[in-house]
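Working through the structure, step by step
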Amino acid sequence: MTWWRRLLRRRALERELDAELRDHIEREVAEGVRAGESEADARRQIRLTSGGLDQVKEACRDVRRPAALADLGADLRFAWRILAKDRWFTAGAILTLALAMGVANTTFIGTYANLWRDLPFERPERVAIVRTVDGRGRVAGVSYPDFEDWRRDARVFDGMAAAFTSGTISLGRDGAVPEQFDGLYVSADTFTVLRVKPALGRDFLASDDRPGAEAVAIIGSNIWKSRYGASRDVLGRKVSVNGTTPATIIGVMPDGFHYVDFTDVWLPLSQMPGSTRQRRDVRALYMIGRLPDGIDLDRVRAELSRIATNLSVMHPETNKDVRPLVNSHYEAYNGGLLLTDSLTLMPLLAAAFVLLIASANLANLLLARAANRSREIAIRVAIGATRWRIVRQLLIESLLLALVAWVLAVGFSWLALKLSTSQVDPLLPYWRLKMDVRLLGFLAAVALLTTGLFGLAPALYASRRGTADGLKEGGRLSATPKTRRWSHALLVGQFALTLALLNGAGLTAKTFYKFYRLDRNVQTSDAVTTFVRLPPQTYATPEQRVAFHQQMRDRLLAVPGIATSTVATAAPFASAGRRRLTAVDGRPPSDPPPDVRTVVVDREYFHTVVRGLILGESFSEWNGTAGHEAAIVNQRFADVYLGAGSPIGRHLELRPPATVRIGVVVEESPQPTPVTIIGVSPDIRQGPGDAVPTVYLPFRAEAPAGVTLIVRGSGGPARVMSAAREAANAIDPDLALGVVRTLDELRDRSRGIPAGMASQFAKIGGLALVFSGMGLYSAIAYAVRRRTQEIAIRMALGATATHVRWLFLKTSAWVVVGGLAVGLPASLAVGHQLQLNVVRADSRDSLMLLAMVAVLAIVALVASIVPARRATRLEPATALRID
Amino acid sequence: MPDKSDLPQGTLDLLILQVVAGGAIHGYGIAQRLQLISRDVVQVPQGSLYPALHRLENRGLLTADWKMSDTGREAKFYRLTPRGRSELKEQAASWVRLTEAIGLILKPAGGAR
């Protein structure tokens, strides 16, 4: 049956039912009249004995309905009409829920991606990373002989491999401009363990990874596309690696595969420069192993420890006290970060808070509305609705509400993801921002639970009461003390959470604002940066490297439009190296001596990149040569380590620390370098956070092989960089320049993630504030409506407007006081947590807290004074008549 | 008003079928007939009668036509369907069996009083 036929049929049935019942009544009336009653009496008698016509009709309809399902359509239509009629309530409820769910969803997706669990290979959680810890607790990698022993003896793995992160590798002499990429040296079975196959060509074979084997390379798909035009002919082509080894390209990895993080070139371990397969004390590799099902990390730890103990007995001179350190990829890359840096978890916590606030808000809205509807419900009961019908109707309304909100939330998060993916992609290749079905399900459950629970509880109450009660009280919009207590508790909770959130957001924002103010110390305009690594084979001595950069500079400055050119081991905003500060004026500054950041720069750096020195002067041509050891420190360094007195002329001793990165041991330099401070630089951030004590050393002193070239010139970054490339290749045709980034870009990137999190935090805080305000507003507005008659009586008896207003302000005052009582300790706790981990600001920033309390109080005042004023404007006579 | 629990569960349907078996009849007529035959013991209110009629019609035991009636208005006249007739026979028989059985059980108790 088509819908309109069904509709026509239903109408006909309704008509017939009505006619039939009326016929019955008419006959009864006629009978009564015949017996001598007046017609009016007869009708009255019938009404008294046979009950309402509508109830009979409803009972007949119930009989006709094939199943309850048939009503669903009617219920849905009715629910829709009710929701559409109460459009402010509906819009408020849906938006509140949708925004909160959207925020929770996107935040969770971001955090989840941040945990790096979604690596682009099969079951990443089953791949363990093995490193070592020595007797002094220092983390190092694995030596090749140890790797071979472990691989031979361990029975717990389903395949083991070893890798070395090499940093950049340059490719060239294949007809294209030399370029730099991140490289990883891997043992032949690495991709087998990861269970990834090349998209094109073949994997490494054991024979590729033997000393003396012909050099081969596997490239990433973006090199394949950008450098080789996605041609299948790439297999078998020769390319020079780091200017020397001509390697044959044997494979191309699939799209998006960059294991271990940004890697684009993979080479066999045997090609690693300075690779040694003999020495047990060179622990430069890290090891991976795939865990078969049923084997957990503890089993692996036990097994490897057993082998390590044997090794320490057999090789006491190298392996004494060396223990394996076994982690999952997740633990190795995020576990530590997650535990120490709750910045990653803060937004999630905040989102959970806001979801709670939104739920409380919705609950309050539903509570208020259900009380409002007790009359409607009473009427429906009176005309024959069963309790189940009523409950079902309200359930359907709640469902509809939750469903619409959920759909909106999915839309919001989809939009947000689209926006943020484009920002995050180049920063973190493994951040997979995508919808998570489990989470969407969870959010739907939260929405249903809130709407279901709070939409239904009062409805059950209302439908339980007698019809007459409902009708009598319904008109007065009564709320039971119980619902009111609930509603107030929810409001107090909201305000407490909001205060904690606002305080956290405020502290975070303030901190990052403080960090980013430092960026004014850098001249970023028109500056382009790239990484230059001079291969040790061609540029063996510092003199050769100094000469290269001298020539480079001369050539560049001869190009019209190029204004300045300078080099530094770390550009501003990029992560700087570390050295141990062993002495200040002959005494160690602390025990153990602290690490400070060091950046090696040439003498132009402070004129061209930094906006000048605060004190002293820049390096001279001679600084860095014997007898002219000099250093420039930043303001932060002077504050922390030099105390009172001029920094100029003070003496420092620096030594490279034992390890600079996981997996690679840098041999400790036996002699600390003594330097004299000749200047003080303003603070510059080297990384996402605050500026830290930093020492600048002259380029001449070491002439490192890898430096960042910073060139400033007109005509746009592309033109400046092509000038740099021409200059470099005029001196050395094999030399590859790294990725090109403007200083502005570097600055934005360094701000990217923390700033994004801070702004997300602030947005969530703002949302919470709006929700809390809305919650209080609707609660007060509802109370005013409920007590209209009481107000009218009070005013008629002479109560002043102030008195009436106070009646309601008292409620919100209690809510605010309650919120503060719970919220202040919560705020302090959140602030403390932030201070421990990220912010390094004063967690008891009482001014901030006070400001947030004030903001909250103002919002509460506005939210309650608006509806309270409405109460005082009531005309007593009118108000009394309001039903 | 008399509660429908005055009649044992399910008996109203049987009574209606029995009354309708006498010929096409409208709802009011059925109520009248029941009251008359039972000497005012069985009084069926609208709220029970019409749902029962509609239920029987829905189950296909009764069928109905709108016909001109004595009042000059059209009224809904119910008739038994063949299925209704056999249902009536079956239910009546089982009712008789049941009441006889109940009578047997109650007899000694009644004698003792």
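Residues numbered from 1 in each chain as written. Chains lettered and ligands numbered in written order. Predicted model: local features only at pLDDT ≥ 70, side-chain atom pairs only at ≥ 80, totals over all residues. Heavy atoms only, no water.

Focus on the overall build of chain A
Within chain A one finds 27 helices and 24 strands. Taking all 883 residues of chain A together, the buried fraction comes to 51%. Taking all contacts inside chain A whose residues are at least 6 apart in sequence as the whole, residues at least 24 apart take part in 81%. A total of about 40,400 Å² of accessible surface is found on chain A, and carbon and sulfur atoms cover 59% of it. (Helix = DSSP H or I, 4+ residues; strand = E, 2+ residues; numbered from the N terminus. Buried < 20%, exposed > 50% of the residue type's maximum accessible area, 1.4 Å probe, protein only. Contact = heavy atoms within 4.5 Å. Areas by Shrake-Rupley, 256 points an atom, 1.4 Å probe, with all protein chains shown as cover.)

Focus: the confidence of the model for chain B
Residue and element names in this part refer to chain B. Mean pLDDT over chain B works out to 83, with 89% of the residues at or above the 70 mark. Low pLDDT (under 50) marks residues 1–5, which in the prediction has four contacts with non-local residues, meaning those over four places away or in another chain. Of the two predicted TM-score estimates for the complex, the pTM is 0.64 and the ipTM is 0.83. (pLDDT = per-residue confidence, 0-100.)

Examining the packing of aromatic side chains
Under the counting rule described, the total for this entry stands at 12 aromatic pairs over all chains. Judged by centre distance (6.3 Å) and plane angle (40 degrees), the rings of F164(A) and Y185(A) are tilted. With a gap of 21 residues between them, F164(A) in strand β3 (residues 160–172) and Y185(A) in strand β4 (residues 179–186) connect regions that are remote in the sequence. As far as the burial class goes, F164(A) and Y185(A) line up, both buried. Judged by centre distance (5.0 Å) and plane angle (50 degrees), the rings of F637(A) and Y641(A) are tilted. You can see F637(A) and its partner Y641(A) sitting in helix α20 (residues 635–642), four residues apart, about one turn around the helix. Through pairs of rings, three or more aromatic residues link up here, namely F191(A), F204(A), F257(A) and W266(A). Over the ring of F77(B) we find K67(B); its NZ or CZ atom is 5.5 Å from the centre of that ring. (Phe/Tyr/Trp six-rings, centres within 6.5 Å; stacked < 30°, edge-to-face > 60°. Lys NZ or Arg CZ within 6 Å of the ring centre and 35° of its normal.)

Focus on unusual backbone geometry
Residues and elements named next belong to chain A. Between Y259 and V260 the backbone carries a cis peptide bond, its omega angle lying at 20 degrees. Tracing the chain through its elements places V260 in the loop between β8 (245–252) and β9 (265–268). Of note in this structure, R195 is not a glycine but carries a positive phi near 60 degrees. With respect to the helices and strands, R195 occurs in the loop between α7 (190–194) and β5 (200–201). Given the relative accessible area of 37%, R195 is considered partly exposed. Of note in this structure, F573 is not a glycine but carries a positive phi near 75 degrees. Relative to the elements of secondary structure, F573 occurs in the loop between β13 (562–568) and β14 (577–584).

A few points about the sheet that holds strand β3 (residues 74–80) of chain B
Residue and element names in this part refer to chain B. In spatial order, the strands read β1-β3-β2; together these three strands make up an open sheet with antiparallel pairing. Bordering the open sheet on either side are β1 (25–26) and β2 (62–68), each of which pairs with just one other strand. With two bridges connecting them, β1 and β3 associate as antiparallel partners. Residue H26 lies in a different strand from β3, and its bridge partner there is F77. Its contacts with the sheet put helix α3 (residues 46–58) on β2 and β3, and the angle it makes with β3 is roughly 55 degrees. (Pairing = 2+ DSSP bridges. Axes fitted to C-alpha atoms, helices over the stretch in contact; angles between N-to-C directions.)

Notes on the interface of chain B and chain A
How big an interface is tends to be stated in terms of the accessible area lost upon association of its parts. Residue-level contacts link 23 residues of chain B with 19 residues of chain A. Of the roughly 2,000 Å² buried between chain B and chain A, counting both surfaces, carbon and sulfur atoms make up 56%. Where chain B meets chain A, there are three salt bridges. Our count for the contact surface shared by chain B and chain A stands at eight residue pairs in polar contact (both at pLDDT 80 or more). Sorting the residues of the side of chain B that touches chain A by element identifies α2 (27–37), α3 and β3 of chain B as the ones contributing at least two each. Taken together, the residues of the side of chain B that touches chain A sort by class into nine nonpolar, nine polar and five charged. (Buried area = accessible area lost by both parts, 1.4 Å probe. Salt bridge = Lys/Arg side-chain N within 4 Å of Asp/Glu carboxyl O. Polar contact = N/O pair within 3.5 Å; in protein donor to acceptor, adjacent residues only side chain to side chain. Nonpolar A, V, L, I, M, F, W, Y, C, P; charged D, E, K, R; others polar.)

Section: the pattern of salt bridges
Residues and elements named next belong to chain A. Overall, the coordinates contain 43 salt bridges over all chains when judged by the stated rule. A salt bridge links E31 to R34; the shortest N-O distance between them is 3.0 Å. Taken together, the residues span about one helical turn, with E31 and R34 both in helix α1 (residues 3–34) at a distance of three residues. One network of salt bridges, in which partners are shared, links D146, D149, R152, D153, R280 and R283.

Focus on the pairing of strand β1 (residues 127–133) of chain A
Residues and elements named next belong to chain A. For β1, a buried count of seven out of seven residues is recorded, marking the element as mostly surrounded by other parts of the structure. Going residue by residue along β1, you find V127, I129, R131 and V133 tucked away on one face and A128, V130 and T132 tucked away on the opposite face as well. Judged from the four bridges that link them, β1 and strand β10 (residues 286–290) form a sheet pairing that is antiparallel. Within the sheet, the bridge partner assigned to V127 lies in β10 and is R290. Bridge count for β1 against strand β11 (residues 323–328) is six bridges, and the pairing is antiparallel. Bridging from a neighbouring strand, V130 pairs with V326 of β11. Pairing of β1 with strand β2 (residues 139–140) involves two bridges; the strand directions are antiparallel. Across the sheet, residue V133 finds its bridge partner in β2, namely V139. Connecting β1 to the antiparallel partner β2 that follows it, the hairpin turn spans five residues, and G137 within it adopts a positive phi of roughly 80 degrees.

Re α20(A)
Residues and elements named next belong to chain A. Taken together, the buried positions of α20 are occupied by F637, A638 and L642. Buried residues of α20, viewed axially, fall in a sector of 100 degrees; they line one side. Packing partners of the buried residues in α20 comprise β14, β15 (595–601), β17 (630–634), β18 (651–655), β21 (673–681) and β22 (694–698). Downstream of α20 by a residue or two, G643 has a phi angle that is positive, lying close to 60 degrees. (Arc of directions from axis to C-beta.)

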